[in-house]
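Coordinate inspection notes
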Amino acid sequence: MGQKMTDSVTLTIDGKTYTFPVIIGTEGEKAIDITRLRQETGFITFDPGFGNTGSCSSSITFMNGEKGVLRYRGIPIEQLAEKSTFVETAYLLINGHLPSLEELNRNRVMLNDSSLVHEDMHIFFQNFPKASHPMGILSSMVNALRSFYPELKDEDNITKDFLNLISKVRTMAAMSYRFSKGEKIVYPRHDLTYCENFLNMMFDSPVRPYVLDEDIVRALNVFLILHGDHEQNCSTAAVRVVGSGRVNLYAAISAGIAALWGPLHGGANQAVIEMLTDIHKNGVSIDEVIKKAKDKNDPFRLMGFGHRVYKTYDPRAKIMKKMCDKVLSKISGPDPLLDIAKQLEEVALTDPYFVDHNLYPNVDFYSGIVLRAIGIPTNMFTVMFAIGRLPGWISQWKESMEDPNWKISRPRQIYTGLSEHDYVELKDR
Ligand code: CMC
């Protein structure tokens, strides 16, 4: 928690002055502590979408939306994307420090040991209707995991729960893809790393064995690292809110997955590719798309653009854009969708509407192009985001459970409905 300074703010209501303390975070972020506001004044604050509301203090992720800064546990995202692996970054997020070699190795062994999914769960995967969206399947199956793997209680075992989830969610993601194609599942292998295993479980086949490529494995690691955590976004807030009722870890994460699915949040990576494909197929001009995005009478938005916190270029999008060029040149050759994305960006960044509204590409604008190049089908894009965000959700859930000031989430409202009136008997209506 940030230091409580002697600084305070005063609020005057009907001539009476109230004083509220100010909280300052380690990076100088300031908040007015209004926990006693209603008790002292009878007023509540009104902040739809919580754009000005701090719901917790957290030591996991720091963002500066004006400067385009993102750090996990103090380490810049650029350094993690260049030097770390997803498994190491997950350890950092959950435990608060980088692992020693011994800790990392122990983690790897535990991840491998928990990579299988109970055979009785296969029947569920097989019986979802073929057209089911993988995010719906994943959210349901993560919730169901609790029945198959009752939570472990003591300190050491809670780490096992976390690794169990990180390992199994990846296995389940690959399984749901195989089932959706009517193909036999591929089991995880102990000799492969986390990302290698995922690719192998997705794409290996008896007729065409999957050949691992270190650049693809690296691209997947970077993709997952970039999605690791993003402080109090919609899905993380969902995990904390649902978790605040002291529900089990699996149920809280399942709520996060459901929240991430939406096209304004994690579902934007799928929506971007669908938008770019549509532009490509139908030969829509860039100017037409930009005009449509600006039209207030048209619900269309430029997907992959804009962010609640970033008012400049999303630092994750910068890394993702560079990776597109690298991955495409190495693996799959030019992608017309990347050309369209770059043209859209160029026009949008000089258009007064986008400039005035501070709308820049976010992580989802280029991530789908990387995933396409790796071979991931479009309807699995948001599942990939979920695999990446899992360590973030887990670390935020853990932090909330350990927070001595934690309370059940229960916002207030301003009631705007009818005033009291009498019930009318059915015969008189
Ligand atoms: N295209 C056109 N106009 C936009 C866009 C966009 N993508 N995003 C925001 N605006 C406009 C919006 O119409 C509004 O204009 P005005 O003030 O004139 O009415 C203004 O910008 C502010 O928009 P808002 O919806 O109030 O902003 P928000 O902070 O509530 O929403 C957002 C943020 C991400 C939901 C929104 O920018 C959006 O819908 N973007 C497209 C979807 C998308 O790419 N989502 C992925 C976000 S990053 C991944 C993640 O972490 O979730």
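A few points on the structure. Fair warning: this is a prediction, and the values are worked out from it, not measured in the lab.

**Describing helix α15 (residues 336-350)**
End to end, α15 covers 22 Å across 15 residues, agreeing with the expected 21 Å (1.5 Å per residue, within 8%). Residues of α15 that are buried: L337, L338, I340, A341, L344, E345 and A348. All buried residues of α15 lie within an arc of 160 degrees about the axis, which places them on one face of the element. Across from the buried face of α15, at angles greater than 90 degrees, the exposed residues are E346 and T350. On its buried face, α15 sits against α12 (268-282), α13 (286-294), α14 (315-332), α16 (352-356) and α17 (363-374). Between a side-chain oxygen at the N-terminus of α15 and the backbone nitrogen of L337 the separation is 2.9 Å; the capping residue is D335.

**Regarding the sheet that holds strand β4 (residues 61-64)**
The strand order across the open sheet formed by 3 strands is β4-β5-β6, and the pairing between neighbours is antiparallel. Each edge of the sheet is formed by a strand with only one pairing partner; in this case those strands are β4 and β6 (75-76). Examined bridge by bridge, β4 and strand β5 (residues 69-72) share 4 bridges and lie antiparallel to one another. Bridge pairing links N64 to V69 in β5.

**Focus: the state of the cysteines**
Cysteine pairs can be linked by a disulfide, which is a covalent bond between their two sulfur atoms. All chains considered together, the criterion is met by 0 disulfides. Between C56, a free cysteine, and C234, which holds the nearest cysteine sulfur, the sulfur-to-sulfur gap is 15 Å. A relative accessible area of 25% places C56 in the partly exposed class. Free of any disulfide, C195 has its nearest cysteine sulfur in C324, 17 Å distant.

**Observations concerning the site of the ligand**
The environment of the ligand is formed by 18 residues, the closest being H265, R301, L302, G304 and H357. In this structure, H265 approaches the ligand through a side-chain N or O atom, which is 2.5 Å from an oxygen atom. The separation between an oxygen atom of the ligand and a polar side-chain atom of H357 is 2.8 Å. Contact with the protein chains hides 75% of the accessible area of the ligand, taken as 940 Å² for the molecule alone.

**Structural notes on the nonpolar core**
With 113 residues, the main nonpolar core has M172, F198, I253, L276, L302, L344 and I376 as its most contacted residues. Residue contributions to this core peak at 12 residues, all from helix α7 (residues 155-180). Excluding its chain neighbours within four sequence positions, the residues that come into contact with L344 are M275, L276, I279, I286, V289, I290, L302 and F365.

**Looking at the pairing of strand β2 (residues 16-24)**
Put simply, side chains in a regular strand alternate between the two faces of the sheet. The sheet contact formed by β2 and strand β3 (residues 30-32) spans 3 bridges and is antiparallel. Note on β3: the bridge partner recorded for V22 is I32. Hairpin geometry of β2 and β3 is characterised by an intervening segment of 5 residues between the two adjacent antiparallel strands and by a positive phi of about 85 degrees at G28.

Cut-offs and rules
- Residues numbered from 1 in each chain as written.
- Predicted model: local features only at pLDDT ≥ 70, side-chain atom pairs only at ≥ 80, totals over all residues.
- Heavy atoms only, no water.
- Helix = DSSP H or I, 4+ residues; strand = E, 2+ residues; numbered from the N terminus.
- Expected span 1.5 Å × (residues − 1).
- Buried < 20%, exposed > 50% of the residue type's maximum accessible area, 1.4 Å probe, protein only.
- Arc of directions from axis to C-beta.
- Contact = heavy atoms within 4.5 Å.
- Polar contact = N/O pair within 3.5 Å; in protein donor to acceptor, adjacent residues only side chain to side chain.
- Pairing = 2+ DSSP bridges.
- Disulfide = S-S within 2.5 Å.
- Near = heavy atom within 4 Å.
- Areas by Shrake-Rupley, 256 points an atom, 1.4 Å probe, with all protein chains shown as cover.
- Core = buried A, V, L, I, M, F, W, Y, C linked by side-chain atoms within 4.5 Å.

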